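# Architecture at a glance
So the chains spell out like this:
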2 protein chains.
Amino acid sequence: MAVTMGDVAGIGPEIIAQLFRSPKASSGCLVMGDVAVMRRAASITGGLLAVMAVQDPAQLANVPPRCIPVWQVPGLPMDLLEVPWSQVDARAGLAAARCIEAAVQGIHAGWCTAIVTAPIHKKALSAAGIQWPGHTEMLQALASPTNTKPPVRMLLVNPELRVVLVTVHLALREAIAALTTENILQTLRITHQSAARWGQSHPRIAVAGLNPHASEDGLFGDEEQKLIAPAIVIAQTEGINVQGPFAPDTVFMRARHTANHPGEFDVVIAMTHDHGLIPIKYLGVEHGVNVTLGLPFVRTSPDHGTAFDMAGQGRADAASLMAAVRLAREWVTRDAR
Amino acid sequence: MAVTMGDVAGIGPEIIAQLFRSPKASSGCLVMGDVAVMRRAASITGGLLAVMAVQDPAQLANVPPRCIPVWQVPGLPMDLLEVPWSQVDARAGLAAARCIEAAVQGIHAGWCTAIVTAPIHKKALSAAGIQWPGHTEMLQALASPTNTKPPVRMLLVNPELRVVLVTVHLALREAIAALTTENILQTLRITHQSAARWGQSHPRIAVAGLNPHASEDGLFGDEEQKLIAPAIVIAQTEGINVQGPFAPDTVFMRARHTANHPGEFDVVIAMTHDHGLIPIKYLGVEHGVNVTLGLPFVRTSPDHGTAFDMAGQGRADAASLMAAVRLAREWVTRDAR
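Scoring rules and cut-offs
- Residue positions are counted from 1 within each chain, in the order its sequence is given.
- As a convention, the first chain written is A and the first ligand written is 1, with the rest following in written order.
- Whole-chain, interface and lining totals are the exception, using all residues; otherwise, since this is a predicted model, local features are given only for residues with pLDDT of at least 70 and side-chain atom pairs are given and counted only at 80 or more.
- Calculated side-chain values reflect all of the structure's heavy atoms, with hydrogen atoms and water omitted.
- Strands here are runs of E lasting at least two residues and helices are runs of H or I lasting at least four, both read from the DSSP assignment and numbered beginning at the N terminus.
- C-alpha atoms define the radius of gyration, and 2.2 Å times the number of residues to the power 0.38 defines the globule rule.
- Exposure is judged per residue with a 1.4 Å probe applied to protein chains only, and the accessible area is read against the type maximum: over 50% gives exposed, under 20% gives buried, and values in between give partly exposed.
- Whether two residues touch is decided by their heavy atoms; if any such pair falls within 4.5 Å, the residues are in contact.
- When the centres of two rings from Phe, Tyr and Trp lie within 6.5 Å, Trp using its six-membered ring, the rings pair. Their planes under 30 degrees apart give stacked, over 60 give edge-to-face, and anything left gives tilted.
- In our convention, an over-ring charge means Lys NZ or Arg CZ found within 6 Å of a ring centre and within 35 degrees of that ring's normal.
- Only strands joined by at least two bridges in the DSSP assignment are considered to pair.
- Between the N-to-C directions of two axes lies an angle of 0 to 180 degrees, each axis being a line fitted to C-alpha atoms and, for a helix, fitted only over the stretch in contact.
- When the copies are superposed, the least-squares fit draws on C-alpha atoms of residues that have pLDDT of at least 70 in both.
- Salt bridges, as used here, are contacts in which a Lys or Arg side-chain nitrogen is within 4 Å of a carboxyl oxygen on Asp or Glu.
- Each of two parts loses accessible area, computed with a 1.4 Å probe, when they are put together; buried area is these two losses added.
- Distance and chemistry together define a polar contact, namely a pair of N or O atoms within 3.5 Å, with one atom able to donate a hydrogen and the other to accept it when in protein, and with adjacent residues in sequence counting only for side-chain atoms on both sides.
- For our purposes a nonpolar core is just a set of buried Ala, Val, Leu, Ile, Met, Phe, Trp, Tyr and Cys residues, chained together by side-chain atoms within 4.5 Å.
- Should an angle fall under 35 degrees it is called roughly parallel, over 145 degrees roughly antiparallel, and 65 to 115 degrees roughly perpendicular, with every other angle called oblique.
- By convention, the crossing between two helices is left-handed when the near helix turns anticlockwise from the far helix through less than a right angle, and right-handed when the turn is clockwise.
- Residue classes follow a fixed rule: Ala, Val, Leu, Ile, Met, Phe, Trp, Tyr, Cys and Pro count as nonpolar, while Asp, Glu, Lys and Arg count as charged, and any other residue, Gly among them, counts as polar.
- Here a helix's expected span is defined as the number of its residues, less one, multiplied by 1.5 Å.
- As a per-residue quantity, pLDDT reports the predictor's confidence and falls between 0 and 100.

## Concerning the overall build of chain A
- A tally of helices and strands in chain A yields twelve helices and twelve strands.
- For 337 residues, the compact-globule estimate of 2.2 N^0.38 gives 20 Å, and the C-alpha radius of gyration of chain A, at 20 Å, lies within 12% of that figure.
- Dimensions of chain A, computed from the C-alpha atoms along their principal axes, are close to 60 × 40 × 40 Å.
- Residues classed as buried in chain A amount to 58% of the 337 residues present.
- Expressed as a percentage of contacts within chain A between residues at least 6 apart in sequence, the contacts between residues at least 24 apart total 70%.

Here it is in structure tokens:
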């Protein structure tokens with residue numbers, strides 16, 4: 001599994017170093033990054049970790065415990081250690097993009113089975129002149145050698161809840177305008193197909209409405225009747241186990257799965273970024289994992305950003321990255337069966 | 001404190017009967033309703049409760065424990081016991097409205113200090129030809145003998161979180177259109193002024209943005225810059241302790257208050273119904289209370305509806321109603337000091 005270094009001005013390198021303090025948690029991971037940056041990250045985390053440059057995936061087997069294997073990505077800026085902490089920097093953006101490209105090359109070459117991405121900064125990527133706004137678009141474009149970009153959706157997972165988003169980084173006004181029966185249906189199909197990766201062939205899918213009380217029969221808005229319900233009906237005729245649209249304010253509570261409260265649904269489809277992310281993050285971001293569904297390979301990432309407010313201080317929490325690696329490992333293992 | 005009976009086809013009467021099974025929880029409460037309906041509710045809950053018609057508030061002191069004191073509201077339909085369970089019925093809607101009117105009369109007469117409302121059904125209210133769509137509008141109109149309706153806002157409270165909503169029952173599209181600097185500012189003022197009722201003179205108020213990541217400096221939408229930030233600046237010059245706008249997906253997590261995780265804020269202002277209600281309800285509706293801020297009296301209600309799916313079965317959970325009564329009692333007691 002390739003772990004990309006992320007933005008060097010943020011917490012990416014240091015949480016990766018944290019990950020490697022646990023041989024079990026980091027088992028099978030290879031860092032796509034810069035050896036010097038990862039040496040500094042290892043010293044920041046105070047973990048007495050070694051860093052080893054790896055030129056050939058076969059060498060991975062020989063890496064001793066508590067040593068960080070780093071694939072020195074070609075074409076990185078020479079002065080990455082001079083990038084100031086916690087600032088948007090084109091060099092950091094360029095390096096982040098190169099690491100992602102290298103990971104996808106590893107997928108295409110066949111020695112890499114999954115990509116776990118440390119956080120990047122969208123403005124740094126843009127400052128470096130990278131044409132894609134973020135990870136998802138970049139992976140989508142690089143995933144397929146032809147020009148047919150696979151449709152993707154964001155899945156958020158924590159130990160209690162799975163949520164798939166129909167729209168992501170759009171102004172709320174534009175997100176509403178972007179909803180169509182077609183993209184809701186596509187979200188349902190991608191979710192249904194992807195569920196095999198978490199071990200379910202017929203997941204119980206709930207669809208959250210857009211409006212308060214899911215519009216209460218058209219009393220507050222009509223997207224439920226005009227767009228969402230028709231998508232659900234079509235999906236049901238395709239054999240997808242889906243219900244809704246449900247009131248957004250209670251469907252996540254109903255799907256929440258704990259020892260005392262078995263969830264009524266296996267995954268909830270949310271129309272907007274914050275309808276889905278508010279419940280996912282409410283109990284804390286430590287265990288949240290972000291997964292891109294629809295790519296021809298497994299891709300996970302932690303559920304937080306570059307955290308410029310604490311970068312370089314060695315106090316960033318690697319829990320979400322560790323959860324992302326764990327989830328990627330589970331999914332890859334299931335694929336291999 | 002007046003407890004209004006709610007819609008007789010729903011769970012209102014039976015959860016009120018549940019409340020009276022605990023002398024402590026129901027202390028000081030008088031039901032505004034119908035004696036026969038409450039007798040039936042008492043028998044449904046199986047609690048061996050008596051029901052006593054009260055004609056004068058002074059009689060309340062003589063009501064024995066485990067007896068439900070009912071103020072027989074004048075002008076109720078005669079055949080309320082014939083209203084079928086779990087259906088919209090004009091008679092139930094009319095009765096619900098009369099009970100609310102009687103409670104407000106009690107406030108105006110001075111013998112009632114707070115109103116706790118059991119759930120009503122908006123369609124039954126409408127079927128009865130009542131001109132107001134729900135509790136809030138009705139109380140707002142009845143509260144002031146003149147025609148100046150006080151501006152009100154909905155506060156949701158549970159043991160971990162307080163949320164005040166800028167917009168409520170509007171289609172999401174219309175809620176966005178309804179946002180103005182003026183109504184956000186008014187929400188901040190009402191919240192700040194009301195906090196004395198929960199014991200804080202300078203509550204730490206956080207404002208949630210509208211768009212993903214609170215628009216990330218205008219990247220996804222401009223309401224944060226154009227509408228929300230100006231309201232915050234004006235409120236700050238008025239001495240209100242308010243910060244934001246913050247990303248909607250993390251501000252509720254940050255405000256969440258538990259023994260292990262002291263909240264960073266005392267109350268969060270949400271732009272839309274579901275941004276605010278999703279985190280309030282995520283851990284369960286049992287302890288949630290709905291409060292109307294801005295009225296000249298204390299008004300609370302449980303955080304659920306008429307629950308037609310379980311009405312008349314004696315299995316409805318009265319926890320939220322009990323929490324609503326407890327909160328009203330706390331606020332009234334603080335007012336009286």
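## A word on the packing of aromatic side chains
- Scanning the entire structure with this criterion turns up six aromatic pairs over all chains.
- Each ring, one from W198(A) and one from W331(A), has its centre 6.3 Å from the other, and the planes form 40 degrees; the classification is tilted. Placement of W198(A) in the loop between helix 8 (181-194) and strand 8 (205-208) and of W331(A) in helix 12 (residues 319-336) is noted, with a sequence separation of 133 residues between them. A single burial state applies to W198(A) and to W331(A), both of which are buried.
- When the ring centre of F246(B) is taken as origin, the NZ or CZ atom of R254(B), which lies over that ring, is 4.7 Å away.

## Regarding the sheet that holds strand 11 (residues 289-293) of chain A
Residues and elements named next belong to chain A.
- The mixed open sheet is built from twelve strands, whose spatial order is 3-4-2-1-5-12-11-6-7-10-8-9. Looking at which strands have only one partner, the edges of the open sheet turn out to be strand 3 (50-53) and strand 9 (242-246). In this sheet, neighbouring strand axes are inclined to one another by 25 degrees on average, regardless of whether the strands run parallel or antiparallel.
- Strand direction decides the pairing type here: strand 8 and strand 9, joined by three bridges, are parallel. By the bridge assignment, I205 is partnered in strand 9 with V242.
- Against the sheet, helix 6 (residues 135-143) makes contact with strand 5 (114-117), strand 11 and strand 12 (298-302), and its axis sits at roughly 165 degrees relative to strand 12, the strand it touches most.
- Sheet strands touched by helix 11 (residues 273-282): strand 6 (153-158), strand 7 (161-165) and strand 10 (267-270). Its angle to strand 7, the strand with the most contacts, is close to 165 degrees.

## Let's talk about the relation of the copies chain B and chain A
- Of the transformation superimposing chain B on chain A, the axial component is 0.0 Å and the angular component is 180 degrees, with the fit at an RMSD of 0.0 Å. When the rotation and shift are considered jointly, the pair of chain copies conforms to a two-fold rotation axis. Across chain B, the rotation axis passes nearest the C-alpha of P279(B), at a separation of 2.9 Å.
- An overlap of 100% is found between the interface residues of chain B and their copies at the interface of chain A, pointing to a shared contact surface.

## Some details on the pattern of salt bridges
- Within this structure, the stated rule accounts for 22 salt bridges over all chains.
- Where E238(B) meets R189(B), a salt bridge forms, and the shortest distance between an N and an O atom there is 2.6 Å. Of this pair, E238(B) sits in the loop between helix 9 (223-237) and strand 9 (242-246) while R189(B) sits in helix 8 (residues 181-194); the two residues are 49 residues apart in sequence, bridging distant segments of the chain.
- Within the structure, one salt-bridge network assembled from shared partners comprises D79(A), D89(A) and R91(A).

## With respect to the interface of chain B and chain A
- Taken together, the contact between chain B and chain A spans 35 residues of the former and 35 residues of the latter.
- Regarding the contact of chain B and chain A, the summed buried area is about 3,600 Å², with carbon and sulfur atoms giving 65% of it.
- Here chain B and chain A share six salt bridges between them.
- For K123(B), the salt bridge identified is with D217(A), shortest N-O distance 3.3 Å.
- Across the contact surface, chain B and chain A share 14 residue pairs in polar contact (both at pLDDT 80 or more).
- When contributions to the side of chain B that touches chain A are tallied by element, the ones reaching two or more residues are helix 7 (172-178), helix 10 (248-255) and helix 11 (273-282) of chain B.
- Here the element with the most residues in the side of chain B that touches chain A is helix 11 of chain B; it accounts for eight residues.

## Brief notes about the nonpolar core
- Core analysis: the largest hydrophobic core is formed by 200 residues, its most contacted members being I68(A) and I68(B).
- With sequence-adjacent residues up to four places away left out, I68(B) is seen in contact with A17(B), F20(B), V31(B), M38(B), A42(B), L49(B), A50(B), V51(B) and M52(B).
- Among the nonpolar cores identified, the runner-up in size contains 36 residues, and L156(A), V163(A), F246(A) and L277(A) belong to it.

## Digging into helix 10 of chain B
- Along helix 10 of chain B, seven of the eight residues are buried, which leaves the element largely enclosed by surrounding structure.
- For helix 10 of chain B, the complete set of buried residues consists of P248(B), D249(B), T250(B), V251(B), F252(B), M253(B) and A255(B).
- Of the surrounding elements, those touching the buried residues of helix 10 of chain B are helix 11 of chain A together with strand 7 (161-165), strand 8 (205-208), strand 9, strand 10 (267-270) and helix 11 of chain B.

## A few points about the packing of helix 11 of chain A against helix 10 of chain B
- Two elements in contact, helix 11 of chain A and helix 10 of chain B, have axes whose closest approach is 8 Å; the angle formed by their N-to-C orientations is 30 degrees. With respect to their mutual orientation, helix 11 of chain A and helix 10 of chain B come out roughly parallel. For the crossing formed where helix 11 of chain A meets helix 10 of chain B, the hand is right-handed. Judged by residue contacts, H273(A), D274(A), L277(A), I278(A), K281(A) and Y282(A) of helix 11 of chain A engage P248(B), D249(B), T250(B), F252(B) and M253(B) from helix 10 of chain B.
- Classifying every residue of the contact of helix 11 of chain A with helix 10 of chain B gives six nonpolar, two polar and three charged.

## Points about helix 4 (residues 90-109) of chain A
All names here are of chain A.
- Helix length check: helix 4 (20 residues) gives 28 Å between terminal C-alpha atoms against 28 Å at 1.5 Å per residue, within 8%.
- On its buried face, helix 4 sits against strand 1 (2-4), strand 2 (30-33), strand 5, helix 5 (122-127) and helix 6.
- Capping of helix 4 at its N-terminal end is provided by D89; its side-chain oxygen lies 2.8 Å from the backbone amide nitrogen of R91.
- At the C-terminal side of helix 4, G110 shows a positive phi close to 95 degrees.

## So, the sheet that holds strand 2 (residues 30-33) of chain B
Residue and element names in this part refer to chain B.
- Pairing in this open sheet of twelve strands is mixed, and the strands run 3-4-2-1-5-12-11-6-7-10-8-9 from one edge to the other. On the outer flanks of this sheet lie strand 3 (50-53) and strand 9, each paired with one strand and no other. Averaged over all pairs of adjacent strands, the angle between their axes in this sheet comes to 25 degrees, without regard to strand direction.
- Note that strand 1 (residues 2-4) and strand 5 (residues 114-117) share three bridges and pair parallel. Bridge pairing links T4 to T117 in strand 5.
- Lying over the sheet, helix 9 contacts strand 8 and strand 9, oriented at roughly 170 degrees with respect to strand 9.

## Topic: the packing of helix 8 of chain B against helix 9 of chain B
Residues and elements named next belong to chain B.
- It is the contact of helix 8 with helix 9, at a shortest axis distance of 8 Å, that shows an interaxial angle of 40 degrees. Between helix 8 and helix 9, the angle is such that the two are oblique. In terms of crossing hand, the pair formed by helix 8 and helix 9 is right-handed. Contact with helix 8, carried on its side by T181, I184, L185, L188 and R189, involves K226, L227, I228, P230, A231, I232, I234 and A235 of helix 9 and no other residues of that element.
- Classifying every residue of the contact of helix 8 with helix 9 gives ten nonpolar, one polar and two charged.

## Quick word on the confidence of the model for chain A
- The share of residues in chain A with pLDDT of 70 or more is 99%, and the mean pLDDT across the chain is 94.
- Scoring the predicted complex yields pTM 0.92 and, for the interface, ipTM 0.91.

## Some words on the environment of H213(B)
- If you trace the backbone, H213(B) turns up in the loop between strand 8 and helix 9.
- The exposure class assigned to H213(B) is partly exposed, which follows from its relative accessible area of 26%.
- For the pair H213(B) and F265(B), spaced 52 residues apart in the sequence, the C-alpha separation amounts to 18 Å.
- Once you skip the residues sitting within four places of it in the chain, H213(B) turns out to touch H169(A), H273(A), F220(B), A247(B) and P248(B).
- A polar atom in the side chain of H213(B) sits 3.4 Å from the side chain of H273(A).
- Here the side chain of H213(B) touches E216(B) through a polar contact of 2.5 Å, side chain to side chain.

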